[in-house]
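Observations on chain architecture
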There are 2 protein chains.
Amino acid sequence: RQKIQIAEYIILKWTLSMLIGLLTGLVGFLNNLAVENIAGFKLLLTSNLMLEHRYALAFFTYAGCNMILAGTAAAICAYIAPAAAGSGIPEVKAYLNGVDAHSILAPSTLFVKIFGSILGVSAGFVLGKEGPMVHTGACIANLLGQGGSRKYHLTWRGLRYFKNDRDRRDLITCGAAAGVAAAFRAPVGGVLFALEEAASWWRSALLWRTFFTTAIVAVVLRSLIEFCRSGKCGLFGEGGLIMFDLSESVPTYSMSDLIAILVLGVVGGVFGGLFNFLLDKLLRTYSIINERGAPFKILLTITISLLTSCCSFGLPWLASCTKCPADAVEQCPTVTRSGNYKNFQCPPGYYNGLASLFFNTNDDAIRNLFSSGTQNEFHLSSLFIFFTAIYSLGIITYGIAVPSGLFIPVILAGATYGRFVGTILGTITNLDPGLFALLGAASFLGGTMRMTVSVCVILLELTNELLMLPLVMLVLLISKTIADGFNKGVYDQIVVMKGLPYMEAHAEPYMRHLAARDVISGPLITFSGVERVGNIIHALRLTGHNGFPVVDEPPLSDTPELVGLVLRSHLLVLLNGKRFTKDRVRQPCENVLMNFGASDFGKSGLGKGLKLQDLEITDEEMEMYVDMHLIVNTSPYTVAETMSLAKAQVLFRALGLRHLCVVPKNPKGPPIVGILTRHDFMPEHILGLFPHLKPAKPLRATT
Amino acid sequence: RQKIQIAEYIILKWTLSMLIGLLTGLVGFLNNLAVENIAGFKLLLTSNLMLEHRYALAFFTYAGCNMILAGTAAAICAYIAPAAAGSGIPEVKAYLNGVDAHSILAPSTLFVKIFGSILGVSAGFVLGKEGPMVHTGACIANLLGQGGSRKYHLTWRGLRYFKNDRDRRDLITCGAAAGVAAAFRAPVGGVLFALEEAASWWRSALLWRTFFTTAIVAVVLRSLIEFCRSGKCGLFGEGGLIMFDLSESVPTYSMSDLIAILVLGVVGGVFGGLFNFLLDKLLRTYSIINERGAPFKILLTITISLLTSCCSFGLPWLASCTKCPADAVEQCPTVTRSGNYKNFQCPPGYYNGLASLFFNTNDDAIRNLFSSGTQNEFHLSSLFIFFTAIYSLGIITYGIAVPSGLFIPVILAGATYGRFVGTILGTITNLDPGLFALLGAASFLGGTMRMTVSVCVILLELTNELLMLPLVMLVLLISKTIADGFNKGVYDQIVVMKGLPYMEAHAEPYMRHLAARDVISGPLITFSGVERVGNIIHALRLTGHNGFPVVDEPPLSDTPELVGLVLRSHLLVLLNGKRFTKDRVRQPCENVLMNFGASDFGKSGLGKGLKLQDLEITDEEMEMYVDMHLIVNTSPYTVAETMSLAKAQVLFRALGLRHLCVVPKNPKGPPIVGILTRHDFMPEHILGLFPHLKPAKPLRATT
């Protein structure tokens, strides 16, 4: 029987991973399809009006479409699921670190994330769909693992195996990987992203599962794109599995180019650090506006939308018309909706370089920046204007109440200054400006996200340009190093700003001077192994603690002895079962567990499970006793009170604990001194208790 | 002052990483250069004799060269550093798991590994240089971190920061990654290999450092290859950073091809499982021969060399001559030493397909198998013969006393059956046989090595063929899954066979039924905080324990109290300092530490540091007392004796402990019950104590 259960578990585990891959791949494809069609339709409509020289009408059409799309996105986000705003990567990261923030992975969040992201990207904002795709993947994983809602009787017995933190986190890691894989069509990049950025605990076995999930995503995407290539999907259908194919260009570079590349790395680091700093300041300002309620959120979004429309429609007028190059591979000026040579206001035979960047979807703008063999396509002034606009818009767009990813804005801005450098060096370097754009994107990604291997592989999978790998690595390392001197990575910053109690893997230096007992907070509430129901109810009502130590005292044992730790959720289930007795005596096992099935004590989904107010305990029952020995975790991890806090932190974090019992050094006292939880390790808590402990480095602007 | 130390540490850390990358890249390049020149010279010599139809002389020249090279390799390996035989990956893996096997990373091992590998590969054995390169990288990292030998006064003060397990392991992880990066010219693959296969504990920060190291390797290799392209390096110089460039071929495949690919995956799994099984059996047989002494090792090596020569010279005669294809891109028959169309015994205008595979370096054979646009180059019979020979030779070659990697034989055999399938399906599939060969190689790698993401990325970097990625992933997953049903991965198997106490990340199911106290072995030896020197010496002499609990009893404390844990190495240093007292009294801090510098207690290199026999303690001193409070680790990690063994194992492994104190549940007894070490968690130990506990799955043939 046990073997069957193991087999059942393994089959389910892999089936779920496959389903996550399938569904995330499907959502990613639909997202792409919808965006290309909506945005494409909008751009075609406006372009046609431009061709007829009806510029004012074109602007109103363009801005109007954008505002309607933006307003709808903000409305569903503000009213249905406020948690869906923003990237979602910080929240997923915090969840995988053990922070169960409410409603982060709820069905409503999933719904808004999918449709809000489609609307937001179509509305022409300077934002991407990758963050939201990661969040979407995580939501899908969470909902699959929970097996739908208990309210609608959609739960399934088989999923009881997944009612624990570890299996749930594993699924969500797979979901996050699938999200990146679907957004960038980068399966290996997805795995590495999940590893480097998302997951806090990581095992070799998990590597294999995320890999399986992203392989499924890749297969799904490839089949669907293959299907669309025949023109069955409206405006969507161009481009293959590689989004920005650069493999045509052969990188040749010499030592002198290396200097330019080093400069790019430094510039990326500085711009990245500044970006994170400004973003943090702006998010704090926005949160004041957003807290005022849904209408303000929508208003803010529409304002930003109008500003974006003005920029992308207005700024191209600053650029002069350029004569089409005679040797252009592509048609010039472009007649379809996307392309290198946008006509805009120019006469036939001429194109407006700035419009090719602004008046396009973000993906197409990146494609144009990366394009090789088009040395002088963009004027330096165009690139400068575009960079300034995108950098500013990228910052002010992120905080609005719409699902918004940061990857695309960062790649866009980075590619622009990369191409700028490439164009300047045009005559003295052999490296194509398109490849400079790639290096610029890498440097800015390194400066903001502070990821290394995953960004490297994602860029490789995006561009299919393996020979650039050593240069990309170099640039990333430089920009990350420099930016790390200024502040934290953008996602870490947002985690801190949102007040999520994220636990770092390493202990802070000042923790070494403290002992575990120094940071214990609040009075300790212990239960006896057989406790009066009234006491338990009182304690549960009085505190928000999720774990209580159980201490047996005479007559239950010879000396006061720590039996173990009991969880709030388990206590609630036990009390709900009502196996109470009149006297304080231990019960035989069968009596206590009679009313319970194996899965009753499984961890329920976020925001689900029994609550204290659900219990109906009569006054008479309050005076009775309940034996909780059977639900006590009899071997909790413990540390001595004198253990250095740093070592306790390492233990807490490495094992992913929620409660850590602190036991006395001297065996004469009570058998437990206190319980440490995640909050007791937070710098704010510790520095609040010991203000004289200055952290070794000054705390960053963000903490 | 502390800030300066931190800065010093950080700068040193990165400098060392850079040096590891530089040196490993250099060694990798020299290895390549030497092999190509030695093997190329040998092949040219033989080929010229063949052209003059002096076949017997050609064979004797060929076999003679091989035997001399093989004999030399075996001799330096057997006499100078027996630890350098084999791949080295299992040893590095065990070291990173915490097993400090002696002489694994010694300078002599490094020397033999480098030159033995060059000689072995040049000798035409069916073995590769990647395993040895990993080991070489690890050795370089270890020696750099130790800062040379104390014997030769080459130590340097700055390196005292690295005299601890963690920093040393980090360096060696970087070294392993650099090794793979240098062997395959695959920087990202190297990082992933270090992560997936080598390292047992892994942090995000380490990812970044390994990445930096492999980036350096890539830059070094690229510069040197660029330098050689102009013909300054003898026979070496062709080929760029991508060893087997496949990017010319465009993969087009349909659903029906997928079935063939699934079949390839299954075949790879079966062949892989069988390979591991046979390899294990053969290694056990060989170890009987090798244990008899160095001459037997050399004899065995020479025998295998002769056999290999016979195969690679004799078997091509079985193949009939094929007319050169009219549309061949390359010259046919080949005139240089490597190429697709070896002439061998054939008349001009004809080539011998089997000779193109056998009578070549392994790298060139792989290149020929991967080559695209050459549909019918190899007869099915040739491929069949080649596969059988390589599969068998690969198994019987691994155990000989020569540094030998498994990647190349596995890729070679896998590519052969992949191409076999591709050739069979030639008429009904659009996929090139070269791409089938790639998939075959992936499937066999998955079946033997059981790595996933790293193999995938390594293959990607070897072939520059991104579009095959989903298929490669699929094939890998299938073959790994099937092979996992048979036995463990080849490196895990070798670790077990060598008796290295490797700790798995997960606890075995039967551990859940045991408590921590159940597996404590041997009598517990405790010291008092101020102990008689004689007692300490006696205990150190009597046992091999590396850690002893220190318990203060009245009058030193009120009640018996666990002070902490003291390490053997620290005790030896303390005793060597001779700050003894006549009476059993605690000493002021200054008195005890007077004779010691900060770095005296740092962990010395493997096989170095003070030994018990180095101490000179007089009889009088034996009766004196020493205060060890200052060298005691006062907050060791502890578990209660009743804690489930599985949880104790998780704690032990997750924190990378060497000693785990087991404390009593009941506070009345002595303050410590025992100490758990790595050996107490080994299945052999536990199942020896509790033979009735059958593991859930039957133990594999290998354990």
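Up top is the structure.
Numbering of residues begins from 1 in every chain and follows the order in which that chain's sequence is written. Going through the entries in the order they are written, you letter the chains from A and number the ligands from 1. The predicted nature of this model means local features are confined to residues of pLDDT at least 70 and side-chain atom pairs, given and counted, to a pLDDT of 80 or more, with totals for whole chains, interfaces and linings taken over all residues. Hydrogens are left out, water is left out, and the side-chain values use all remaining heavy atoms of the structure.

1. Description of the interface of chain B and chain A
Contact definition: two residues touch when any of their heavy atoms are within 4.5 Å. The interface of chain B with chain A comprises 60 residues on the first partner and 60 residues on the second. Here the quantity called buried area is the total loss of accessible area, with a 1.4 Å probe, experienced by two parts when brought into contact, counted for both. Summed over both partners, the interface of chain B with chain A comes to about 5600 Å²; 72% of that surface belongs to carbon and sulfur atoms. What makes a salt bridge here is a side-chain nitrogen of Lys or Arg within 4 Å of a carboxyl oxygen of Asp or Glu, nothing more. Counting across the interface, chain B meets chain A through zero salt bridges. Within 3.5 Å is the distance limit for a polar contact, defined as a pair of N or O atoms, with the added protein rule that one can donate a hydrogen and the other accept it, and that residues adjacent in sequence qualify only through two side-chain atoms. Summed over the shared surface of chain B and chain A, the number is 10 residue pairs in polar contact (both at pLDDT 80 or more). Only helix H7 (187-198), helix H8 (204-228), helix H16 (453-463), helix H17 (469-484), strand S5 (561-567) and helix H23 (645-654) of chain B provide two or more residues apiece to the side of chain B that touches chain A. Strands here are runs of E lasting at least two residues and helices are runs of H or I lasting at least four, both read from the DSSP assignment and numbered beginning at the N terminus. Here the side of chain B that touches chain A gets 10 residues from one element, more than from any other, and that element is H8 of chain B. Counted by class, the side of chain B that touches chain A contains 38 nonpolar, 12 polar and 10 charged residues. Here the term charged refers only to Asp, Glu, Lys and Arg, the term nonpolar to Ala, Val, Leu, Ile, Met, Phe, Trp, Tyr, Cys and Pro, and the term polar to all other amino acids, Gly among them.

2. Points about the nonpolar core
Ranked by size, the top nonpolar core spans 303 residues in total, and within it Phe370 of chain A together with Phe370 of chain B carry the most contacts. Sorting elements by how many residues they give to this core places H8 of chain B first, with 11 residues. Once residues within four sequence positions are removed from consideration, Phe370 of chain A is found in contact with Phe244, Leu246, Ile411, Ala415, Arg419, Gly434, Ala437, Leu438, Ala441 and Thr463 of chain A. Within this scheme, the nonpolar core is defined by two criteria: the residues are buried Ala, Val, Leu, Ile, Met, Phe, Trp, Tyr or Cys, and they are joined through side-chain atoms within 4.5 Å. Note on exposure labels: buried denotes an accessible area under 20% of the residue type's maximum, exposed denotes more than 50%, and partly exposed covers the range between, all computed with a 1.4 Å probe on protein chains only. Listed in part, the 51 residues of the second largest apolar core include Met503 of chain A together with Ala516, Ala646 and Leu655 of chain B.

3. Digging into the sheet that holds strand S7 (residues 638-640) of chain A
Across a sheet, paired strands are connected by hydrogen bonds in the backbone, their directions being either parallel or antiparallel. Residues and elements named next belong to chain A. Taken together, the three strands give an open sheet; going across it, the order is S7-S8-S9, and neighbouring strands pair in mixed fashion. Of all the strands in the sheet, just S7 and strand S9 (674-676) have a single pairing partner and so form its edges. Adjacent strand axes in the sheet meet at a mean angle of 35 degrees, parallel and antiparallel pairs treated alike. Two strands pair if DSSP finds at least two bridges between them. Axes, fitted as lines to C-alpha atoms, cover a helix only where it is in contact. Angles between the N-to-C directions of the axes lie from 0 to 180 degrees.

4. Comments concerning a nonpolar patch on the surface
Residue and element names in this part refer to chain A. Here a patch means residues that are over 30% exposed by relative accessible area and free of salt bridges, tied together within 9 Å if like-charged and within 5 Å if nonpolar (Val, Leu, Ile, Met, Phe, Trp, Tyr). Here the accessible surface of atoms and residues is derived via Shrake-Rupley with a 1.4 Å probe, and residues count as covered only by protein chains that are part of the display. Together, Met18, Leu19, Leu22, Leu23, Leu26 and Leu30 make up a nonpolar patch on the protein surface, roughly 440 Å² of accessible area in all. By the secondary structure assignment, Leu22 is in helix H1 (residues 2-51). Judged by relative accessible area, Leu22 falls into the partly exposed class, the value being 36%.

5. Observations regarding the sheet that holds strand S8 (residues 659-663) of chain B
All names here are of chain B. With mixed pairing, the three strands of this open sheet are ordered in space as S7-S8-S9. One side of each edge strand has no neighbouring strand; the edge strands of this open sheet are strand S7 (638-640) and strand S9 (674-677). In this sheet, neighbouring strand axes are inclined to one another by 35 degrees on average, regardless of whether the strands run parallel or antiparallel. Pairing of S8 with S9 involves four bridges; the strand directions are antiparallel. Bridge assignment links His659 to a residue of S9, and that residue is Thr677.

6. Digging into helix H6 (residues 165-184) of chain B
All names here are of chain B. In this scheme, a helix's expected span is set at 1.5 Å multiplied by one less than its residue total. Over its 20 residues, H6 runs 29 Å from end to end, which matches the ideal 28 Å to within 8%, given 1.5 Å per residue. With 18 of its 20 residues buried, H6 lies for the most part within the structure. One side-chain oxygen at the N-terminal end of H6 lies 3.1 Å from the backbone nitrogen of Arg166; it belongs to Asn164. Phi for Arg185, located one or two positions after H6, is positive at around 50 degrees.

7. Examining the relation of the copies chain B and chain A
Mapping chain B onto chain A calls for a screw motion: a turn of 180 degrees about the axis and a shift of 0.0 Å along it, with 0.0 Å RMSD after fitting. Such a combination of turn and shift is consistent with a two-fold rotation axis. Among all residues of chain B, the minimum C-alpha distance to the rotation axis is found for Pro667 of chain B, at 2.8 Å. By residue overlap, the copies meet face to face through one surface: 100% of the interface positions of chain B are interface positions in chain A. When the copies are overlaid, the least-squares fit takes in C-alpha atoms only where the residue has pLDDT of at least 70 in both copies.

8. Side note on the pattern of salt bridges
Scanning the entire structure with this criterion turns up 31 salt bridges over all chains. Here Arg450 of chain A and Asp484 of chain A are joined by a salt bridge, their closest N and O atoms 3.1 Å apart. With Arg450 of chain A in the loop between helix H15 (433-448) and helix H16 (453-463) and Asp484 of chain A in helix H17 (residues 469-484), the pair connects residues that are 34 residues apart, well separated along the chain. We classify Arg450 of chain A as buried; its relative accessible area is 7%. With relative accessibility at 25%, the residue Asp484 of chain A sits in the partly exposed group. The partner of Arg284 of chain B in a salt bridge is Asp280 of chain B, with the nearest N and O atoms 3.1 Å apart.

9. Looking at the state of the cysteines
Two cysteines, two sulfur atoms, one covalent bond between them: this is a disulfide. All names here are of chain A. Disulfide assignment relies on a single distance test, namely cysteine sulfur atoms paired within 2.5 Å. Here the structure, examined in full by the defined rule, presents two disulfides over all chains. Disulfide pairing places Cys321 opposite Cys346 at an S-S distance of 2.0 Å. Note on the Cys321 and Cys346 pair: the S-S dihedral is about -95 degrees, so by sign convention the disulfide is left-handed. With Cys321 in the loop between helix H10 (294-314) and strand S1 (322-323) and Cys346 in the loop between S1 and strand S2 (350-351), the pair connects residues that are 25 residues apart, well separated along the chain. According to the relative accessible area criterion, Cys346 is buried, its value standing at 5%. Cys139 supplies the cysteine sulfur nearest to Cys77, a cysteine that is in no disulfide, at a spacing of 12 Å.

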